[in-house]
Amino acid sequence: MDNQSDLIKELRSKLSSFENRELEAENAKLTSIVSSCTCRHEVEETLDTDVSDKNTSAINLEKLKLGNCVGIGKRKPKKKQTGYNLNSMNHHSQRLVALKIMYFGPRFYGFASEAQMDPTVESELFKALQKTRLVLGERKDVLYSRCGRTDKGVSSVGQVVALLLRSKHKEPGGDTSEELLDEGPDEGELDYVRILNGVLPDDIRVLGWCHAPVNFSARFSCLSREYRYFFWRENLNISAMENSCKRLIGEHDFRNFCKMDAANVHNYKRRITSFDIFPCNGSDQLLFMKIKGSAFLWHQVRCMVAVLFLVGQGLESPDVIDVLLDVDKTPRKPQYKMAPEVPLVLYSCEFEGLYFKCSSDARRALQLHLEKKCRGYKLQAAIFQEALLSLSSTKDDDSVTNITKRKVSSHVPLMSRPTEPSYDERRAKLTFSAAPAQRESVVTKQYT
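Keep in mind it's a predicted model, so treat the numbers as computed, not measured.

Chemist: So what exactly am I meant to see when it comes to the nonpolar core here?
Modeler: Inside soluble globular proteins, nonpolar side chains tend to come together where they are buried. The biggest cluster of nonpolar side chains holds 87 residues, and the ones touching the most others in it are Leu 99, Phe 257 and Met 289. Excluding residues that lie within four positions of it along the chain, Phe 257 makes contacts with Leu 248, His 299, Gln 300, Cys 303, Met 304, Val 307, Ile 321, Leu 324, Leu 325 and Tyr 336.

Structure (structure tokens):
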């Protein structure tokens, strides 16, 4: 019996040895097939988890022979990625670039996009920057700055913004995955003007670009800003208006010529370096006011123009400018309407050592685009002119004249009108409204 038991053990040992050899052979075959399979990495984990079962190995072998590396049936196609991954673009260099921008304002809720109104010029600009992949991150990550915050309906032919843009150039010897160029050649650089104008809406165009120096800010590096306000001569007394313009030149407290923001602005002194009236393109009927200064308050230009129109209409004396500038005698602004926003244009922003460039191809495309837009607006003007002529008659003209006379006769002098709260009154109101919250905070701390 003992001999028979030993024999059985020996036979079982040999059988186990044969099974292990067979498994090793099967595994060798699988390894050979996997090494030449394009989906090798997808099956490595599956093969490494369990190769001790002969039946599992055989099944995997059959699947490999049939071309199904993992699972049963056809491989599921990968979903097409939408958009783009900014992380994959970090190998590109970046440089701080200033862009000179023009836009026609009536369609937009101002330039800046913080007011939660859409569209704005800024929101459309960033859509174009993201679509062309010129920006490699969020707005807060690209050192973005703007020169001016024009109001709803206001246009510009010289707005300037600055931000980090993708660049074709790399620092010599640089081996970092994300580089920032302080200096670099402009030759061979991306044609920012052509690229952006290809995707921007028709009423926004980039006019030029320039490499900006380190620590450049489109807002705080600006030396001066120039606005132009277009208007028709009609029956205005231009000499009286020019007299009033001169009184506004220099450094003054313009709190009576702006929309006061007492919560954020505490200094209302600004310097006007020039204020003149010129004919537009040689016309003696279409004129414009040219206002240049270091900086401007909220709605300052439109408020100054509104008072000048009252002077030009003979409703106010030029001396009213001096009265409004004397904030000790006139601490509270009289209520009056601002001038309309559409004729106002931010004409230029001046910077030291900044020279904007535009390639010949991009410049030609810009000229063609602007010429086309001009022709379109002239056609619209011709249509309205025809409609106006069709309504003209002596009777209608008399009625219009009578309405104008009635409006003039009902004018209330500025210094006799109701006034807005003064700066001190506004600040006192802000302090009073904040006091209950502060007192509640103190009480809460005492009982916690």
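Chemist: Got a minute to help me understand helix H9 (residues 360-391) in this structure?
Modeler: Along an α-helix, a turn takes 3.6 residues, which lines up residues three or four apart on a common side. Its 32 residues place the ends of H9 47 Å apart at the C-alpha level, agreeing with the 46 Å of an ideal helix rising 1.5 Å per residue. Residues of H9 that are buried sit in contact with helix H5 (192-197) and strand S5 (204-211).

Chemist: Sorry if this is basic, but what is going on with the packing of aromatic side chains here?
Modeler: What characterises a pair of aromatic rings is the spacing of the ring centres plus the angle enclosed by the ring planes. According to the stated counting rule, one finds 12 aromatic pairs in the structure shown. Both rings, one in Tyr 192 and one in Trp 209, keep their centres 5.1 Å apart while their planes meet at 80 degrees; by these two values the pair is edge-to-face. You can see Tyr 192 sitting in helix H5 and its partner Trp 209 sitting in strand S5, a full 17 residues away along the chain. Here Tyr 192 matches Trp 209 in class, with each residue buried. Measuring from ring centre to ring centre gives 5.3 Å for Phe 216 and Phe 351, while their planes differ by 50 degrees; the resulting arrangement is tilted. Separated by 135 residues along the polypeptide, Phe 216 in the loop between S5 and strand S6 (224-232) and Phe 351 in the loop between strand S10 (344-350) and H9 bring together distant segments of the chain. Judged on exposure class, the residue Phe 216 and its partner Phe 351 are both buried.

Chemist: Just to check I follow, could you spell out the side chain of Thr 120 for this structure?
Modeler: Residue position: Thr 120 is located in the loop between strand S1 (93-103) and helix H4 (121-131). Here Thr 120 is in contact with Phe 108, Tyr 109, Gly 110, Phe 111, Ala 112 and Ser 113, once residues within four sequence places are set aside.

Rules and cut-offs
- Residues numbered from 1 in each chain as written.
- Predicted model: local features only at pLDDT ≥ 70, side-chain atom pairs only at ≥ 80, totals over all residues.
- Heavy atoms only, no water.
- Core = buried A, V, L, I, M, F, W, Y, C linked by side-chain atoms within 4.5 Å.
- Buried < 20%, exposed > 50% of the residue type's maximum accessible area, 1.4 Å probe, protein only.
- Contact = heavy atoms within 4.5 Å.
- Helix = DSSP H or I, 4+ residues; strand = E, 2+ residues; numbered from the N terminus.
- Expected span 1.5 Å × (residues − 1).
- Phe/Tyr/Trp six-rings, centres within 6.5 Å; stacked < 30°, edge-to-face > 60°.

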